[in-house]
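# Structural characterization, general
Below are the chains, spelled out letter by letter.
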Amino acid sequence: MTPKIDYSGVFAALPSPCLVLGTDLVIADANPAFCQVTGRSRAELLGQYLFDAFPDNPTDPEADGVETLKDSLHRVLSTGQTDHMALQKYDIPVPGNPAVFKERWWTAINVPVLDPDGKVVWIIHRSEDMTDVVRARRTEPLPSVSPGREAAMEAELYARARQLQQLNEELRQAHARERRIAVALQEAMLHSPDLARHPNIAVRYLPATGSLNVCGDWYDAVDLPADRFTVTVGDVVGHGLMAATVMGRLRSALSAATRTVHGPAQALEVLGLYARSVDGALAATAVQVLVDCHSQLLIYSSAGHPPPVLLHPDGSCDLLDQATDPPLGARPEHVPRPQANATYTPGDTLVLYTDGLIERRDEDIDAGLARLTSTLATCTGFGAEHLADALLARLGLASGADDDIAIVVVRLDRTTRPY
C-alpha cells in the first residue's frame, strides 16, 4: 500500500524559501523558510499581491527586481514551462519599517502547476538568498559565513548557471532565428515611450496560444499638452507576422494622427482613410480614449471595437459605448466618426481591451461583457498592475487563449497625469 503523502508538511519542511502564487500573482502560501529569510509572517503574506508585498526599492534608481520577476512569472503563465532566473539584486523592506529596504541578492526558479487540461493553475516560486555570497566576494573573508554554507551557495549558483546555459542552448536550437525576428518586431512595434511616465497605467499583451508570439492586437499611449493623454487599443484580423506588420503600420499612423488632430474621432477618421490603402486592414478595429486630467473628462471614439469599461470604487461599471462606428476602412466614402464624453472621479479605473478578452465560441458578446464587468466588480481598490493580473486570472486567461489579447488599465486618480 502506497503511503499517503502530507504535501503541506513537505512544503513546510522544504529548506529553500518557497511561495505558492495564484495566476493573479497573489500569494496563496509561504513556507517557513521564506518567512524566515524575508522577516515576514505567513499571515502577513497570504492574500497579498506579490509586488505590493515586495515592491522595488524606491531609493535605488537602478532597481529592476519587480520588472525582472514579473517578466519571468508572465513567461510561466504564457508558456506553461519552468523559468530559471539568474542572480539579481532585489532589495526587500525591513520588517516593521516598510520605508526602509535592505540589500538582497537572489536566484529563483518559477515552476508551473498544471491542471489536467495543461493550463497553469499555480506557480511555485523557489528562491535562494545569495546575499552572503555576493558580500563575501566583495570583502573576503567574511567570518559570519560558514564554509559549509558558502560551499552550498556556490554549488547552487553553479547548478543554476548550468541550467540557464542548457535552457539557452535549447532555445537557440528551437526555431531561434524566426522567433528572434518575430519577437524583436513585435517589441519594436509595441514600444511606447510615453508609458514610462504613467505609473498608474498597466498594459498586457498575450498572443494566441500556439502563435509565434506576434499578433495583430496592439496598444498605445500618447502624451498631449495641457495635462491630457490618450490610450488606445486596436485589433487586426489574423495572427502571425502578416497581422503584426499591418498592426505596426496602423499603430504608427494613429500615433502620428493623434498628435496633430483634435480628438479621438478625427484621429480615427484619418486612420480609417489610411486603412483603405493597407492590405489586410479593412476589418481592423480600434478605440481611443483621451483623458483630460484637468477637467476629469474622458473623450472617446470607437471604430468597430468592444467598448471600454469605467470601473467605479463601488464596483459598478459604465460601458463607453456611445460613440461606436464600423471598423476602419469599412465605408467606401469618408464619413465623420462619432465622439462622446464621460466624466470620471479620482479612484475610478478605465479598462480598454481587445475582443480576445471577452469573446467565446457560441456565445453572445453581451454575455462576455457581463462576465467582464462582474469580474471587474471584484477588483475594486486594486492598483493597475494588480488589476491587470487579477482580471486575466479570474477570467481564466492568464495562460493565454485561442485569440490574441491586449489590455490597457488606467488608474484614474490625482497622480494619473504624466510627469
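Higher on the page you've got the structure.
Summarised in this report is the structure supplied together with it. In this text, all values refer to a predicted model and were calculated from it rather than measured experimentally.

So, how was this worked out
- Residues numbered from 1 in each chain as written.
- Predicted model: local features only at pLDDT ≥ 70, side-chain atom pairs only at ≥ 80, totals over all residues.
- Heavy atoms only, no water.
- Helix = DSSP H or I, 4+ residues; strand = E, 2+ residues; numbered from the N terminus.
- Buried < 20%, exposed > 50% of the residue type's maximum accessible area, 1.4 Å probe, protein only.
- Areas by Shrake-Rupley, 256 points an atom, 1.4 Å probe, with all protein chains shown as cover.
- Expected span 1.5 Å × (residues − 1).
- Core = buried A, V, L, I, M, F, W, Y, C linked by side-chain atoms within 4.5 Å.
- Contact = heavy atoms within 4.5 Å.
- Axes fitted to C-alpha atoms, helices over the stretch in contact; angles between N-to-C directions.
- Left-handed = near helix turned anticlockwise from the far one by under 90°.
- Nonpolar A, V, L, I, M, F, W, Y, C, P; charged D, E, K, R; others polar.
- Patch = residues over 30% accessible without salt bridge, like charges linked within 9 Å, V, L, I, M, F, W, Y side chains within 5 Å.
- Salt bridge = Lys/Arg side-chain N within 4 Å of Asp/Glu carboxyl O.
- Lys, Arg positive; Asp, Glu negative; His and termini not counted.
- Charge placed at Lys NZ, Arg CZ, Asp CG, Glu CD.
- Phe/Tyr/Trp six-rings, centres within 6.5 Å; stacked < 30°, edge-to-face > 60°.
- Parallel < 35°, antiparallel > 145°, perpendicular 65-115°, else oblique.
- Pairing = 2+ DSSP bridges.

## Quick look at the overall build of the protein chain
Each helix and strand counted, the protein chain has 12 helices and 18 strands in total. Here the protein chain holds 419 residues, and the buried ones make up 49% of them. Surface accessibility of the protein chain: about 19,900 Å² in total, with carbon and sulfur atoms responsible for 54%.

## Description of helix 5 (residues 65-79)
An ideal rise of 1.5 Å per residue puts 21 Å on 15 residues; helix 5 measures up with 21 Å between its terminal C-alpha atoms. Looking one or two places after helix 5, you find Gly-80, whose phi comes out positive at around 70 degrees.

## A short note on the nonpolar core
In this structure, Val-231, Leu-250, Val-291, Leu-298 and Leu-350 are the most contacted members of the largest nonpolar core, which totals 44 residues. At 6 residues, helix 9 (residues 240-258) tops the list of elements feeding residues into this core. Beyond its immediate sequence surroundings of up to four residues, Leu-250 is in contact with Val-236, Leu-271, Tyr-274, Ala-275, Ala-281, Ala-284 and Leu-328. Residues Ala-30, Ala-53, Val-76 and Tyr-90 belong to the second largest nonpolar core, which totals 27 residues.

## Focus on the packing of helix 9 against helix 10 (residues 264-275)
The N-to-C vectors of helix 9 and helix 10 enclose an angle of 145 degrees; their axes lie 9 Å apart at closest approach. Every pair of crossing elements has a handedness; the one defined by helix 9 and helix 10 is right-handed. Along the contact surface, helix 9 presents Arg-249, Leu-250, Ala-253, Leu-254, Ala-257 and Thr-258, while helix 10 presents Ala-267, Leu-268, Val-270, Leu-271, Tyr-274 and Ala-275. Tallied by class, the residues present in the contact of helix 9 with helix 10 amount to 10 nonpolar, 1 polar and 1 charged.

## Remarks on a negative patch on the surface
The grouping of Glu-62, Asp-64, Glu-67 and Asp-71 at the surface amounts to a negative patch. Along the chain, Asp-71 falls in helix 5.

## Looking at the packing of aromatic side chains
Scanning the entire structure with this criterion turns up 2 aromatic pairs. For the pair Tyr-49 and Phe-51, a centre-to-centre distance of 5.9 Å together with 75 degrees between the ring planes defines the contact as edge-to-face. Phe-51 matches Tyr-49 in its accessibility class, with the two residues each being buried.

## So, unusual backbone geometry
Glycine aside, residues mostly have negative phi, and peptide bonds are mostly found in the trans state. Positive phi outside glycine occurs at Leu-25, with the angle close to 65 degrees. In this fold, Leu-25 is placed in the loop between strand 1 (18-22) and strand 2 (27-30). A positive phi angle, near 65 degrees, is found at Ala-226, a position not held by glycine. The topology assignment puts Ala-226 in the loop between strand 9 (215-224) and strand 10 (228-239).

## Considering the pattern of salt bridges
For the structure on display, the rule yields 17 salt bridges. The partner of Arg-40 in a salt bridge is Glu-44, and the shortest N-O contact between them spans 3.9 Å. With a shortest N-O distance of 2.9 Å, Arg-75 and Asp-83 are connected by a salt bridge. Judged by relative accessible area, Arg-75 falls into the partly exposed class, the value being 39%. The network of salt bridges with shared partners includes Lys-70, Arg-204, Glu-385 and Asp-389.

## Some points on the packing of helix 11 (residues 365-376) against helix 12 (residues 384-394)
Direction vectors running N to C along helix 11 and helix 12 enclose 130 degrees, while the axes themselves pass 10 Å from each other. Relative to helix 12, helix 11 is oriented oblique. Considering the relative orientation of helix 11 and helix 12, their crossing is right-handed. Listed contacts from helix 12 to Leu-372, Thr-375 and Leu-376 of helix 11 are Leu-387, Leu-391 and Arg-394. For the contact of helix 11 with helix 12, the residue count by class is 4 nonpolar, 1 polar and 1 charged.

## Comments concerning the sheet that holds strand 13 (residues 309-311)
Pairing is antiparallel across the open sheet formed by 5 strands, whose spatial order is 8-18-17-13-14. Both outer strands of the open sheet, strand 8 (201-206) and strand 14 (317-319), are each paired with one neighbouring strand and no more. When strand polarity is set aside, the average angle formed by the axes of neighbouring strands in this sheet is 15 degrees. Relative to strand 18 (residues 405-412), strand 8 is paired through 6 bridges, and the arrangement is antiparallel. Directly across from Val-203, in strand 18, lies its bridge partner Val-408.

## Quick notes on the pairing of strand 16 (residues 340-343)
Regular strands have side chains that alternate between both faces of the sheet. Alternating residues of strand 16 divide into Ala-340 and Ala-342, all buried, and Asn-341 and Thr-343, none buried. Both strand 12 (residues 297-303) and strand 16 contribute to a ladder of 4 bridges, which runs antiparallel. Paired with Tyr-300 across the strands is Ala-340, a residue of strand 16.

## Things to note about the pairing of strand 1
Most of strand 1 sits inside the fold, with 5 of its 5 residues counted as buried. Burial along strand 1 is two-sided: Cys-18, Val-20 and Gly-22 facing one way and Leu-19 and Leu-21 facing the other are all buried. When strand 1 meets strand 7 (residues 120-129), the two strands line up antiparallel, connected through 5 bridges. When the sheet's bridge partners are listed, Leu-19 is paired in strand 7 with His-125. Across 3 bridges, strand 1 lies against strand 2 in antiparallel orientation. Bridge pairing links Leu-21 to Ile-27 in strand 2. Between strand 1 and strand 2, which pair antiparallel in sequence order, lie 4 residues; one of them, Leu-25, sits at a positive phi of approximately 65 degrees.

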